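# Descriptive structure summary
What follows is each chain in one-letter form.
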Amino acid sequence: MSSKNIIEIENLHKSYSSHKALNNISLTIEKSKIFGLLGPNGAGKTTLIRIINQILKPDSGTVKFDGEILSRKHIHNIGYLPEERGLYKKMKVGEQALYLAQLKGLSKKEAKNKLNYWFEKLGTTNWWNKKIEDLSKGMAQKIQFITTVLHEPKVLILDEPLSGLDPVNSLMIKNEILELKKKKTSIILSTHDMNSVEEICDEAAIINHSEKIMQGGIQELKEKYQENSWTIKYRGNQMSFTNAVWGGWEIISHEKINENTNKAEIRLLNQFTINQFIKGIVDHVEIVEINLKTPTIQEVFIKATANE
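All values derive from a computational prediction rather than experimental measurement. (Residues numbered from 1 in each chain as written. Predicted model: local features only at pLDDT ≥ 70, side-chain atom pairs only at ≥ 80, totals over all residues. Heavy atoms only, no water.)

## Side note on the overall build of the protein
- Each helix and strand counted, the protein has 10 helices and 14 strands in total.
- Its C-alpha atoms give the protein a radius of gyration of 24 Å, clearly above 19 Å, the size a compact globule of 308 residues would have.
- In terms of principal-axis extent, the alpha carbons of the protein reach across some 75 × 45 × 40 Å.
- Evaluated residue by residue, the protein yields a buried proportion of 45% over its 308 residues.
- For the protein, the share of sequence-separated contacts (at least 6 apart) that also reach a separation of at least 24 residues comes to 69%.
- Of the charged side chains in the protein, 42 are positive and 37 negative, and the gap between their average positions amounts to 7 Å. (Helix = DSSP H or I, 4+ residues; strand = E, 2+ residues; numbered from the N terminus. Rg over C-alpha atoms; globule rule 2.2 N^0.38 Å. Buried < 20%, exposed > 50% of the residue type's maximum accessible area, 1.4 Å probe, protein only. Contact = heavy atoms within 4.5 Å. Lys, Arg positive; Asp, Glu negative; His and termini not counted. Charge placed at Lys NZ, Arg CZ, Asp CG, Glu CD.)

## A closer look at the packing of aromatic side chains
- As enumerated under the stated definition, the model contains seven aromatic pairs in all.
- With a centroid separation of 4.3 Å and 5° between ring planes, the pair formed by Tyr 234 and Phe 241 is classed as stacked.
- Ring centres of Trp 249 and Phe 277 lie 5.0 Å apart, and the angle between their planes is 85°; this geometry places the pair in the edge-to-face category. Remark: Phe 277 occurs in helix α9 (residues 274-281) and Trp 249 occurs in strand β12 (residues 249-256); sequence separation between them is 28 residues. Both residues of the pair, Trp 249 and Phe 277, count as buried.
- Members of the aromatic cluster, connected to one another through ring pairs, are Tyr 234, Phe 241, Trp 249 and Phe 277.
- One Lys or Arg, Lys 121, reaches over the ring of Trp 118 and ends 5.1 Å from the middle of that ring. (Phe/Tyr/Trp six-rings, centres within 6.5 Å; stacked < 30°, edge-to-face > 60°. Lys NZ or Arg CZ within 6 Å of the ring centre and 35° of its normal.)

## What to know about unusual backbone geometry
- Positioned with a positive phi, Glu 152 is a non-glycine residue whose angle comes to about 55°.
- The topology assignment puts Glu 152 in the loop between α4 (137-149) and β7 (155-159).
- Here the phi dihedral of Glu 160 falls at roughly 50°; this positive angle occurs in a residue that is not glycine.
- Relative to the helices and strands, Glu 160 resides in the loop between β7 and α5 (167-182).
- On the accessibility criterion, Glu 160 (14% relative accessible area) is buried.

## Section: the sheet that holds strand β3 (residues 34-38)
- The strand order β6-β7-β8-β3-β9-β10 describes an open sheet built from six strands, whose pairing is mixed. Looking along the sheet, the strands with just one partner apiece sit at the ends: β6 (78-81) and β10 (211-217). Adjacent strand axes in the sheet meet at a mean angle of 15°, parallel and antiparallel pairs treated alike.
- Set on the sheet, helix α1 (residues 45-52) makes contact with β3, β6, β7, β8 (186-190) and β9 (203-208); between it and β3 the angle comes to about 135°.
- In the packing of α4 onto the sheet, contacts are made with β6 and β7, and the angle to β6 comes to roughly 165°. (Pairing = 2+ DSSP bridges. Axes fitted to C-alpha atoms, helices over the stretch in contact; angles between N-to-C directions.)

## Looking at the pairing of β7
- Counting buried residues along β7, five of its five residues qualify, which places the element largely inside the surrounding structure.
- Neither face of β7 is left uncovered, since the one carrying Val 155, Ile 157 and Asp 159 and the one carrying Leu 156 and Leu 158 both have all their residues buried.
- Pairing geometry for β6 and β7, over four bridges, is parallel. Looking at the pairing, Ile 78 lines up with Val 155 of β7.
- Where β7 lies against β8, five bridges are found, and the strand directions are parallel. Paired with Leu 156 across the strands is Ile 187, a residue of β8.
- A crossover connection joins β7 to the parallel β8 through α5; in handedness this β-α-β unit is right-handed. (Right-handed = clockwise from strand over helix to strand, strands pointing away.)

What is shown is where atoms sit, not what they do.
Listed below in structure tokens is the structure:
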């Protein structure tokens, strides 16, 4: 029976000698979503990815693919872009791309048609006869991305897919990832680029010290670390702003935007409310804008892993 989740992992354990790489990891990845797999170096992400790819076997626990126990028959339904690139430097780009496509089950004719489509789409047509060793890191990254998505897998595992790309090509690949999601591809994104996680991921899990410490929607994760902090834009004298209310709040930061306008970040203390703050300040300065400060995913990541 088909499941709403493309990947279901339950009670996964993996050790290398005395080192515990994964300790009782359980998580689910929904179909047609972009899932961020986050964690510090050495947290266990690579081990988990290798188990999903069947490069490694777990010591215990189960992995299901679309409701079925993961097995060899699922290999061609997964595309994997590893952080450590695996292109043969002496081979020509087109020759290698055709070879890798055929390894993934495509006929030579089908592979060439799909490669022509992707090479034109990503602006790499003129690279067909270049050797891999003559490409920049970013150029090689685009070729490897193409060979990863070519066979249209149900699941894409992308480990630092934007590494080596300039801002223009980084945006191009992000847009392609979003397009693949629209076509119902499920995507696991392992990265330290928290801006990208915030921009394109639907959900994420954070792994630290071999254990999953949290999982949820991006907004849900941010709300877990929501503090009673606010950003205030105002017109008037900074001294008037600072002295307007005694107690109840503190200034975290302050900057001058222009000659007339200032911006401050404040934190409300104890049971002091934003309404009390506004009531105390409006007679001293003109409030232009006031917003609850939401933590970024990077701030969530730092706080979550620091507490472990």
